[in-house]
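Survey of secondary and tertiary structure
Listed below are the residues making up each chain.
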Amino acid sequence: MRVLGVDPGLTRCGIGVVEGVAGRPMAMLGVGVVRTPVDAELGDRLVAIEQGIEEWLDTHRPEVVAVERVFSQHNVSTVMGTAQASAVAMLCAARRGIPVALHTPSEVKAAVTGSGRADKAQVGAMVTRLLRLDAPPKPADAADALALAICHIWRAPAQNRLQQAVALHASGSKGRTR
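The sections below set out a description of the structure shown in this document. All of these numbers come straight from a predicted model, not from anything done at the bench.

We now examine the packing of helix 3 (residues 105–113) against helix 4 (residues 120–130). Packing of helix 3 against helix 4 brings their axes to within 9 Å, and their N-to-C directions diverge by 50 degrees. By the angle class used here, helix 3 and helix 4 are oblique. Along this stretch, helix 3 crosses helix 4, giving a crossing that reads as left-handed. Contacts between helix 3 and helix 4 involve Lys109, Val112 and Thr113 from the former and Gln122, Val123, Met126, Val127 and Leu130 from the latter. Here the contact of helix 3 with helix 4 is composed, by residue class, of five nonpolar, two polar and one charged.

Another aspect to go through is the sheet that holds strand 5 (residues 100–103). The mixed open sheet is built from five strands, whose spatial order is 3-2-1-4-5. The open sheet is flanked by strand 3 (27–35) and strand 5, the only strands paired with a single partner. Shown here is a sheet whose adjacent strand axes are inclined to one another by a mean of 20 degrees, direction ignored. Pairing of strand 1 (residues 2–7) with strand 2 (residues 12–19) involves six bridges; the strand directions are antiparallel. Pairing of Val3 across the sheet is with Val18, part of strand 2. Against the sheet, helix 1 (residues 42–60) makes contact with strand 1, strand 2, strand 3 and strand 4 (64–68), and its axis sits at roughly 165 degrees relative to strand 3, the strand it touches most.

Moving on: the side chain of Asp141. Of note, Asp141 is situated in helix 5 (residues 140–173). Owing to a relative accessible area of 11%, Asp141 belongs among the buried residues under this scheme. Reaching out from Asp141, the side chain makes a polar contact with the side chain of Arg12 at a distance of 2.7 Å. Once you skip the residues sitting within four places of it in the chain, Asp141 turns out to touch Asp7, Arg12 and Gly14.

Take unusual backbone geometry next. A cis amide bond, omega -10 degrees, links Lys138 with the succeeding residue Pro139. By the secondary structure assignment, Pro139 is in the loop between helix 4 and helix 5. Not every positive phi belongs to a glycine, and Arg61 is a case in point at roughly 45 degrees. Its place among the elements puts Arg61 in the loop between helix 1 and strand 4.

The buried fraction of strand 2 amounts to six of the eight residues, a majority that puts the element mostly inside the structure. A loop of four residues connects strand 1 with strand 2, the two strands running antiparallel in sequence. Looking at chain direction, strand 2 and strand 3 are connected through eight bridges and run antiparallel. By the bridge assignment, Gly14 is partnered in strand 3 with Val33.

Glancing now at the packing of helix 1 against helix 2 (residues 76–95). Contact geometry for helix 1 and helix 2: axes closest at 9 Å, N-to-C directions at 40 degrees. In this view, helix 1 runs oblique relative to helix 2, as classed from their interaxial angle. In this structure, the crossing between helix 1 and helix 2 has a hand that is right-handed. Across from Leu42, Leu46, Ile49, Glu50, Ile53, Glu54 and Leu57 in helix 1, the residues of helix 2 making contact are Gln84, Ala85, Val88, Ala89, Cys92, Ala93 and Arg95. A class-by-class count of the residues in the contact of helix 1 with helix 2 yields 10 nonpolar, one polar and three charged.

Thresholds applied
- Residues numbered from 1 in each chain as written.
- Predicted model: local features only at pLDDT ≥ 70, side-chain atom pairs only at ≥ 80, totals over all residues.
- Heavy atoms only, no water.
- Axes fitted to C-alpha atoms, helices over the stretch in contact; angles between N-to-C directions.
- Helix = DSSP H or I, 4+ residues; strand = E, 2+ residues; numbered from the N terminus.
- Parallel < 35°, antiparallel > 145°, perpendicular 65-115°, else oblique.
- Left-handed = near helix turned anticlockwise from the far one by under 90°.
- Contact = heavy atoms within 4.5 Å.
- Nonpolar A, V, L, I, M, F, W, Y, C, P; charged D, E, K, R; others polar.
- Pairing = 2+ DSSP bridges.
- Buried < 20%, exposed > 50% of the residue type's maximum accessible area, 1.4 Å probe, protein only.
- Polar contact = N/O pair within 3.5 Å; in protein donor to acceptor, adjacent residues only side chain to side chain.

And the structure:
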């Protein structure tokens with residue numbers, strides 16, 4: 001499975017591509033950051049993020065796009081920028097018919113480090129180890145994007161089995177009366 005991980009942000013949007021399957025060594029195919037100038041108009045920044053993500057989609061042709069689920073923070077302007085960048089990533093994937101998976105920050109941290117409260121340095125260290133890299137990707141947004149992709153590769157098989165079980169249960173209960 002080839003997954004494009006997106007750590008959304010209006011100033012720095014982390015992007016990472018990982019290929020692999022659960023239980024086997026994975027490979028990093030690319031990592032980077034789409035940057036936008038803080039002083040640019042919002043619309044221009046969103047277009048720049050879209051163009052950057054589109055380039056990554058063209059180059060790497062992922063099967064899934066894993067995006068960090070926006071969570072509530074105290075700083076509303078930060079949440080808004082993150083949500084806007086997240087929506088751009090989801091739109092780019094949807095336009096191409098690529099499935100999108102959302103993972104919370106604590107879910108990603110727990111999958112990669114074993115602790116949902118891990119800090120950025122711990123996530124970077126585990127991403128480096130899991131992908132057999134020489135050094136942690138910089139900035140942290142890039143490492144977080146790779147962690148999102150890794151999280152999805154590891155969790156997708158279990159999520160698929162759950163979805164199939166729910167669908168099977170739903171189809172089995174149709175037509176029954178109580």
